[in-house]
Structures are given as C-alpha cells and as structure tokens.
Amino acid sequence: MTENSFIPGPGQTLAFREALGCYGTGVAVVTTMAEGVPVAITVNSFTSVSLDPPLVLWCLGEESNRYDAFSKAGQYAIHVMAEGQQDQTLRFARNGWDFSHADWQADASGTPILSGCLARFDCRLHARHQAGDHLIIVGEVLRAMHRTGKGLMFKRGQYGAFTDLL
C-alpha cells in the first residue's frame, strides 16, 4: 500500500480530489423552482448543522451551470437518494432541467418533490456563505420525511450501496 503525502495547491488538484474521494458519502438531489421551471442538482456535500433550530447545509460549486438558479433559491428540497436511484442521480448530474425521467410533483410552495427517495428535507434559505470556489447554502428544515431502505453511496468516483453491519 503506497501512501501519497502532499500539500494541497494548484498543482495537486487531482491528488486532493483523490484524497477526498476516500470518504464515502450519501448522494442527494436538491430541487427548486427557478423562474417557473423545475431544476435539480446532484450533490454529495449534504450534512446536518443543528437540531435546534433544524438546519442542514449543502455546497454549490461556482462553476455549476445551475449556480444562478440555486444561489438565488429561497426554498428547495434535499432528497437523500435510495440505492435504486443511481440512474436518476446521474441524469440530474448531467442535466438539471430535464425531469422527463423523474416521478415528481410540486408541493404547495411549488418546489419539485421527487418520489422514491429515502429521506427528504424541505428547506427555506437560512444563510449563504462563500467558501473558496463553493457557496455553502444553509437551510432551515420546515418539513422532513424518511422511510426504510438503503441509501445510495458514492466513494472514489463510484456508486454503491450500504451493507448492513451484523
């Protein structure tokens, strides 16, 4: 086993990405309505912030072609994807305006809600923080839901499923 030690910087972007990829994450799809059109983005930067008040965050890359839609969104939904939803997450990663492959409906506020997810957090914008080449978006959770099942995981550039411990 070879250890690769380095100082992150402009010439070490790939090595830094590889080191970050060692940490497995869940996969989420964030949805909002932008100028009357549903839009989605696949992320793995979702995490909890606070129980009281109920706050969660996710990070939006400045280079994303959906930056304008999500950086201005006042309401959005974060969907924790189930292990059978890999195709949907890949499609939303490529094109966030194409919902033709998704089973969805708008909630009372107009936010696109995807069916079949493992959990969902309906959020109102709480704060935005610029950090490097990303925007940290903190949302106050107005409503949450979850169901039984296994989550979709992402590690080292690959999708997988979580195996239960004995």
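The structure we're discussing is the one just above.
Residues numbered from 1 in each chain as written. Predicted model: local features only at pLDDT ≥ 70, side-chain atom pairs only at ≥ 80, totals over all residues. Heavy atoms only, no water.

The next thing to look at is the overall build of the protein. A tally of regular secondary structure across the protein gives three helices and 12 strands. Computed over C-alpha atoms, the radius of gyration of the protein comes to 16 Å, within 12% of the 15 Å expected from 2.2 N^0.38 for 166 residues, which places it in the range of a compact globule. Counting only C-alpha atoms, the protein reaches 55 × 40 × 35 Å along its principal axes. A buried classification covers 37% of the 166 residues belonging to the protein. The contacts of the protein with a sequence gap of at least 6 include a subset with a gap of at least 24, amounting to 63%. When the accessible surface of the protein is summed, it comes to about 10,100 Å², and 53% of that surface belongs to carbon and sulfur atoms. (Helix = DSSP H or I, 4+ residues; strand = E, 2+ residues; numbered from the N terminus. Rg over C-alpha atoms; globule rule 2.2 N^0.38 Å. Buried < 20%, exposed > 50% of the residue type's maximum accessible area, 1.4 Å probe, protein only. Contact = heavy atoms within 4.5 Å. Areas by Shrake-Rupley, 256 points an atom, 1.4 Å probe, with all protein chains shown as cover.)

Turning to the environment of Gly116, a few remarks are in order. Looking at where Gly116 falls in the secondary structure, it is placed in the loop between strand S8 (112-114) and strand S9 (119-131). The exposure class of Gly116 is partly exposed, given its relative accessible area of 41%. Each C-alpha atom of the pair Gly116 and Tyr67 lies 26 Å from the other, and the pair is 49 residues apart in sequence. Setting aside its immediate chain neighbours within four residues, Gly116 contacts Ala82, Gln85 and Arg147.

Turning to its location among the elements, Leu118 is positioned in the loop between S8 and S9. Discounting chain neighbours no more than four positions away, the residues touching Leu118 are Val80, Met81, Ala82, Met145, His146, Arg147, Thr148, Gly149, Lys150 and Gly151.

Attention shifts here to the pairing of strand S5 (residues 55-61). Counting buried residues along S5, six of its seven residues qualify, which places the element largely inside the surrounding structure. By the bridge criterion, three bridges tie strand S4 (residues 47-50) to S5 in an arrangement that is antiparallel. Bridge pairing in S5 links Ser50 to Leu55. Taking the residues that link successive antiparallel strands as the turn, the S4-S5 hairpin has four residues. (Pairing = 2+ DSSP bridges.)

Summed over the entire model, instances satisfying the criterion amount to six aromatic pairs. Where Phe46 meets Phe121, the ring centres are 5.4 Å apart and the plane angle is 35°; that geometry is what we call tilted. Highlighted residues: Phe46 in the loop between strand S3 (37-43) and S4 and Phe121 in strand S9, separated in sequence by 75 residues. What links up through ring pairs into an aromatic cluster is the set Trp58, Phe70 and Tyr76. (Phe/Tyr/Trp six-rings, centres within 6.5 Å; stacked < 30°, edge-to-face > 60°.)

With that out of the way, let us pick up the side chain of Thr42. Structurally, Thr42 is set in strand S3. Side-chain polar atoms of Thr42 contact the backbone oxygen of Thr89, separated by 2.7 Å. A distance of 3.4 Å separates the side chain of Thr42 from the backbone nitrogen of Ala93, its partner in a polar contact. Here Thr42 is in contact with Val27, Ala28, Val29, Thr89, Phe92, Ala93 and Tyr159, once residues within four sequence places are set aside. (Polar contact = N/O pair within 3.5 Å; in protein donor to acceptor, adjacent residues only side chain to side chain.)

Counted by the stated rule, this structure contains four salt bridges. Across the pair Arg91 and Asp87 runs a salt bridge, and its minimum N-O distance is 3.1 Å. Within this pair, Arg91 and its partner Asp87 are both found in helix H3 (residues 86-94), separated by four residues, close to a single helical turn. By relative accessible area, Asp87 is classed as partly exposed at 46%. Residue Arg143 pairs with Asp122 through a salt bridge whose shortest N-O separation is 2.9 Å. Of this pair, Arg143 sits in strand S10 (residues 134-146) while Asp122 sits in strand S9, and the two are 21 residues apart along the sequence. (Salt bridge = Lys/Arg side-chain N within 4 Å of Asp/Glu carboxyl O.)

On the basis of which strands lie adjacent, the open sheet formed by three strands has the order S1-S11-S12 and antiparallel pairing. Looking at the sheet topology across the chains shown, the edges are occupied by strand S1 (25-26) and strand S12 (158-161). Where strand S11 (residues 152-155) meets S12, four bridges bridge the pair, whose relative direction is antiparallel. Within S12, the residue paired with Met153 across the bridge is Gly160.

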